[in-house]
Structures are given as structure tokens and as C-alpha cells.
Amino acid sequence: KHLTDLSCSQVDAEEVAKVLKQHANSGMFYKSNVIRIAQEDATASNILQALKKLAAAAKPDDCLVLYLSGHGKVEYETNAEGEVIYVDKKPLAKPGTYTYGTRGYDPKKPKENLMAGSLFEVLKEAKCRKLVILDTCHSEGAALIPGDSARAFTREMKFMVIASCQAHQEALEPAESTPDSPHGYFTQSLLDIVVSAKLAEKRRRVSPVPITVLEPQ
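Here the structure is a predicted model, which is why all the values come from computation and not from measurement.

On the basis of which strands lie adjacent, the open sheet formed by three strands has the order 1-7-8 and parallel pairing. Both edges of this open sheet fall to strand 1 (63-70) and strand 8 (159-163), since each of them pairs with a single strand only. Averaged over neighbouring strand pairs, the angle between their axes works out to 10 degrees when direction is ignored. Relative to strand 7 (residues 129-136), strand 1 runs parallel, the two being bridged by eight bridges. By the bridge assignment for strand 7, Ser-69 is matched with Asp-135. On top of the sheet, helix 1 (residues 9-21) reaches strand 1 and strand 7; it is set at about 165 degrees to strand 1, its chief contact.

The structure is reproduced here in C-alpha cells:
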């Protein structure tokens, strides 16, 4: 099954990149190294290679931010009869199955797709704080880590995940990206909080407005 084109993902990524770049020489950071991967180049391999480059260069006082906007999917837990298991009327996502819809995504070749586990293995090598921001459907699923060692794993990694929706939900965007409504709803809310790049010259620090984050389970 081929993934459908989204109206806002590319614009979302461009604007978030601008916001991150504007923190160079700000009150928070003296340098900002941003790698933006264009939509046509956003294969699983290219994303992981760029992330490895940033992870290798990161120092203990740095903050590595990974932002992904696009399609996301999870698998659901099933019973012996193959029926999806529901908890509180919500389908139960299977830990470790979150996949980001990259360029060249093929459901028949799961090992070649970009799964959360592959991202976390690279992020684990970065000796700094990590922040993962996901504006995709089912994005909470990325924080569902299989096994009993999940909490120890997250403590070791020192990272947070900000997800646009729960594991059973879809992330929403306008039917068409327009000058008045150019972004997906989650990314627009995020930009409203952390400062639009259009205001970068006047305001360089992140707003003190609190953001609710997920602690991976």
C-alpha cells in the first residue's frame, strides 16, 4: 500500500528547522547545527545516517532534537482468534511496532522501513539530552518500548518524546496547506509555543509555557 501525499509535512519541517536554527547565539545555545532532509530524500537510510552524524558530534551539554512529520503506523495486539484487543474501547498498540512512513516505504519489507527501535538505537549513542518530536498518526506508539527494561532504557538514554496523538489516533492537518493555515494542527500548536521563526529576530528564547510530554513505557 502506497502512502498518500500530505499537505503540510514539508512546510512543517521547514518551519521547525528555522526555529531551531534561530537559537544559534541565543540565550540558550551558542550554536545550532540543523540537518533538514527534503521530502524526496527522506528514506530510512538517509534519516538514520543524518542522525548518526549528529549523534557522533554531540557533547554532554548539547540537546539533540529529532523532528518527524508525516505518516506513522502501529500494529495492534490480538487474541488467539486474531481479533484486535481493546482496552477502554481503544485498540491496544503493540510495543515496538511504530513505523515512520519514509520515502520508499514498503510494508512487505519491514526491515527496510524506519521503526522506532532503529531510531532509539542511534539516539542511544548520542551522549547528550535527546528530544523526539513526532507529528504523525499513532505517534505515541513510538514511546511504547517492549520488554521489562523499558524504564531503565529511557533513563540511560535521557530522552523525551512529544507525540501529536495517542497510539490509536490519527494526527490531523488542514485539507490543504494555505498561507493562513500552513501547518498540521499539532505542529502549529508547537510553533505557537516555542516561537514562530517569523518572530526569531525579536524573540530568541523558548516560551516558559509548559508542554506535556510522554515518558516512554
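Having seen it, we continue.
Next up on the list: a nonpolar patch on the surface. Residues Ile-85, Val-87 and Leu-92 make up a contiguous nonpolar surface patch of about 200 Å² in total accessible area. Checked against the element boundaries, Leu-92 lands in the loop between strand 4 (90-91) and strand 5 (99-100). On the basis of relative accessible area, Leu-92 is assigned to the partly exposed category, the value being 35%.

Helix length check: helix 2 (residues 44-57) (14 residues) gives 20 Å between terminal C-alpha atoms against 20 Å at 1.5 Å per residue, within 8%. All buried positions along helix 2 are accounted for by Ala-44, Ile-47, Leu-48, Ala-50, Leu-51, Leu-54 and Ala-55. The arc that holds the buried residues of helix 2, viewed along the axis, is 160 degrees, so those residues lie on one side. Residues of helix 2 that are exposed and angled more than 90 degrees away from the buried face: Lys-53 and Ala-56. Looking at the buried positions of helix 2, the neighbouring elements they touch are strand 1, strand 5, strand 6 (114-115) and helix 3 (116-123).

It is worth spelling out the sheet that holds strand 2 (residues 72-73) at this point. Sheet architecture is open: three strands sit in the order 2-5-6, paired in antiparallel fashion. On the outer flanks of this sheet lie strand 2 and strand 6, each paired with one strand and no other. Taken together, the two bridges between strand 2 and strand 5 define a ladder with antiparallel strand orientation. For Lys-73, the partnering residue across the bridge sits in strand 5 and is Thr-99.

Here we take up helix 5 (residues 185-194). Within an α-helix, residues lying three or four positions from one another point in the same direction, as the helix has 3.6 residues per turn. Taken together, the buried positions of helix 5 are Phe-186, Thr-187, Leu-190, Leu-191 and Val-194. End-on, the buried residues of helix 5 take up no more than an arc of 130 degrees, which puts them together on one face. Taken together, the buried residues of helix 5 touch helix 1, strand 1, strand 7 and strand 8.

What counts as what
- Residues numbered from 1 in each chain as written.
- Predicted model: local features only at pLDDT ≥ 70, side-chain atom pairs only at ≥ 80, totals over all residues.
- Heavy atoms only, no water.
- Pairing = 2+ DSSP bridges.
- Helix = DSSP H or I, 4+ residues; strand = E, 2+ residues; numbered from the N terminus.
- Axes fitted to C-alpha atoms, helices over the stretch in contact; angles between N-to-C directions.
- Contact = heavy atoms within 4.5 Å.
- Patch = residues over 30% accessible without salt bridge, like charges linked within 9 Å, V, L, I, M, F, W, Y side chains within 5 Å.
- Areas by Shrake-Rupley, 256 points an atom, 1.4 Å probe, with all protein chains shown as cover.
- Salt bridge = Lys/Arg side-chain N within 4 Å of Asp/Glu carboxyl O.
- Buried < 20%, exposed > 50% of the residue type's maximum accessible area, 1.4 Å probe, protein only.
- Expected span 1.5 Å × (residues − 1).
- Arc of directions from axis to C-beta.

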